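# Secondary and tertiary structure notes
Here are the chains, one letter per residue:
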Amino acid sequence: GAGVSQSPSNKVTEKGKDVELRCDPISGHTALYWYRQSLGQGLEFLIYFQGNSAPDKSGLPSDRFSAERTGGSVSTLTIQRTQQEDSAVYLCASSLVRRGGELFFGEGSRLTVL
Amino acid sequence: AQSVTQPDIHITVSEGASLELRCNYSYGATPYLFWYVQSPGQGLQLLLKYFSGDTLVQGIKGFEAEFKRSQSSFNLRKPSVHWSDAAEYFCAVGRSGGSNYKLTFGKGTLLTVNP
């Protein structure tokens, strides 16, 4: 597609349930990022994928969070046993890997945990 | 570790007035600096970026920003604000010398434009 696509755009779940958020990056972009945006907190880095390299998972807040990227393209962020503090907008971005390559963001997946 | 401070959480200006959004960063070397804008319900869009060279950079939608190393600042400016500029603005810093992943973002400044 023309831009970064994320689904679902909105997800309401009950505490304790697992959720999966999907990101389809721009074709040809080898770098993919997940950020979390909480109200008044800016954007928090979660994880970074680049080609076949091991992902940088240093931003994942707990072991309930995991992400994978299949075939170097689509990525799925999974949150297990969701908690109310997981409520946020989860943003995915992709870029070409070069100095100063611009990050292109999707519109985000808004997660609400009741 | 790199960090970004946007001192103003919320700014209100009148349409046609000038605008300056402040951004201060902390980074041990020459940083890559960015300004992104987020309209309600939308993803982030790049306004402009600084890597090296001329410290005054021009961006889209009539925005510009000036890198001041001595002040560790990268303030965003626009001479005349339009109602459509109402949005949230994020400053970000990335490391130089490689791909700019793991950008560190400020907490954002929400801009309201009065008619």
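Our subject is the structure that appears above.
Described in the following lines is the structure provided in the data block. Numbering of residues starts from 1 in every chain and runs along the sequence as written. Naming scheme: in the order in which they are written, chains are lettered from A and ligands are numbered from 1. The predicted nature of this model means local features are confined to residues of pLDDT at least 70 and side-chain atom pairs, given and counted, to a pLDDT of 80 or more, with totals for whole chains, interfaces and linings taken over all residues. Side-chain calculation: all heavy atoms of the structure are included, whereas hydrogens and water are not.

## A short note on the overall build of chain A
- The number of helices and strands found in chain A is zero helices and ten strands.
- For chain A, the sequential pattern of α-helices and β-strands runs β-β-β-β-β-β-β-β-β-β.
- What you see for chain A is a C-alpha radius of gyration of 13 Å, in line with the 13 Å of a compact globule of 114 residues.
- Counting only C-alpha atoms and orienting by the principal axes, one finds that chain A spans roughly 40 × 25 × 25 Å.
- Residue contacts are defined here by distance: any two heavy atoms, one from each residue, within 4.5 Å place the two residues in contact. Long-range pairs, those at least 24 residues apart, make up 54% of the contacts in chain A with a sequence separation of at least 6.
- Method for areas: the Shrake-Rupley scheme with a 1.4 Å probe, in which residue coverage is limited to the protein chains shown. Counting only carbon and sulfur atoms, one obtains 44% of the accessible surface of chain A, whose full area is about 5500 Å². Helix and strand assignments come from DSSP, with helices taken as H or I runs of at least 4 residues and strands as E runs of at least 2, each series counted from the N terminus. In this setup the radius of gyration rests on C-alpha atoms only. A globule is expected at 2.2 Å times the number of residues raised to 0.38.

## Here we look at the packing of aromatic side chains
- Aromatic pairing here means that ring centres of Phe, Tyr or Trp (its six-membered ring) are within 6.5 Å. Orientation follows from the plane angle: under 30 degrees is stacked, over 60 is edge-to-face, and everything else is tilted. Inspection of every chain in the model, using the stated rule, returns 14 aromatic pairs over all chains.
- When the centroid spacing of 5.4 Å and the interplanar angle of 85° are considered together, the rings of A:Tyr35 and B:Phe105 count as edge-to-face. Pair noted here: A:Tyr35 is in strand β4 (residues 31–37) and B:Phe105 is in strand β11 (residues 104–105), and the two residues belong to different chains.
- The classification of residues rests on relative accessible area computed with a 1.4 Å probe and restricted to protein chains. Under 20% of the type maximum is buried, over 50% is exposed, and intermediate values are partly exposed. Residue A:Tyr35 is classed as buried on the basis of its relative accessible area, which comes to 0%.
- Judged by its relative accessible area of 7%, B:Phe105 is buried.
- On the basis of an interplanar angle of 50° and a centroid distance of 6.4 Å, the ring pair of B:Tyr50 and B:Phe74 is categorised as tilted. With a gap of 24 residues between them, B:Tyr50 in strand β6 (residues 44–50) and B:Phe74 in strand β9 (residues 73–78) connect regions that are remote in the sequence. A single burial state applies to B:Tyr50 and to B:Phe74, both of which are buried.
- Members of the aromatic cluster, joined through ring pairs, are A:Tyr35, A:Phe45, A:Phe105, B:Tyr32, B:Phe34, B:Tyr36, B:Phe51 and B:Phe105.

## Side note on unusual backbone geometry
- In this model, A:Ser7 is joined to A:Pro8 through a cis peptide bond whose omega is -10°.
- Looking at the element boundaries, A:Pro8 is found in the loop between β1 (5–7) and β2 (10–13).
- Of note, the phi angle at B:Lys61 is positive, near 60°, even though the residue is not glycine.

## Considering the nonpolar core
All names here are of chain B.
- Residues Leu-19, Trp-35, Leu-47, Leu-48, Phe-74, Leu-76 and Tyr-89 are the most contacted members of the largest nonpolar core, which totals 26 residues.
- Sorting the residues of this core by element identifies β2 (10–14), β3 (19–21), β5 (32–38), β6, β8 (64–68), β9, β10 (87–94) and β12 (109–114) as the ones contributing at least two each.
- Broken down by element, this core gets its largest block of residues, four residues, from β10.
- Excluding its chain neighbours within four sequence positions, the residues that come into contact with Leu-76 are Leu-19, Glu-20, Leu-21, Trp-35, Leu-47, Leu-48, Phe-63, Glu-64, Ala-65 and Tyr-89. Here, nonpolar core means buried Ala, Val, Leu, Ile, Met, Phe, Trp, Tyr and Cys residues that are tied together by side-chain atoms lying within 4.5 Å of each other.

## A closer look at the environment of B:Val13
Residues and elements named next belong to chain B.
- Within the element layout of this structure, Val-13 appears in strand β2.
- Sequence spacing of Val-13 and Leu-111 is 98 residues, and the spatial spacing of their C-alpha atoms is 7.7 Å.
- Val-13 has contacts with Ser-18, Leu-19, Val-81, Leu-111, Thr-112, Val-113 and Asn-114, leaving out every residue within four places of it along the chain.

## A look at the side chain of A:Gln37
- Secondary-structure assignment places A:Gln37 in strand β4.
- By relative accessible area, A:Gln37 is classed as buried at 11%.
- At 2.8 Å, the side chain of A:Gln37 and the side chain of B:Gln38 are in polar contact.
- Excluding residues within four positions of it along the chain, A:Gln37 makes contact with A:Gly42, A:Leu43, A:Ala88, A:Val89, A:Leu91, B:Gln38 and B:Phe90. Side-chain atoms alone can form a polar contact between residues adjacent in sequence; in general such a contact is a pair of N or O atoms within 3.5 Å, and within protein one must be able to donate a hydrogen while the other accepts it.

## Some thoughts on the sheet that holds β1(A)
Residues and elements named next belong to chain A.
- If DSSP finds at least two bridges between two strands, the strands pair. Pairing is antiparallel in the open sheet, where four strands are placed in the order β1-β3-β7-β6. Edge positions in the sheet fall to β1 and β6 (65–69), since each of these pairs with one other strand and no more. Ignoring strand direction, the axes of neighbouring strands in this sheet form an average angle of 15°.
- With three bridges joining them, β1 and strand β3 (residues 19–24) adopt antiparallel strand pairing. Each residue of the ladder has a partner; that of Ser-5, found in β3, is Asp-24. Lines fitted to the C-alpha atoms define the axes, with helices restricted to the stretch that makes contact. Angles between their N-to-C directions range from 0 to 180 degrees.

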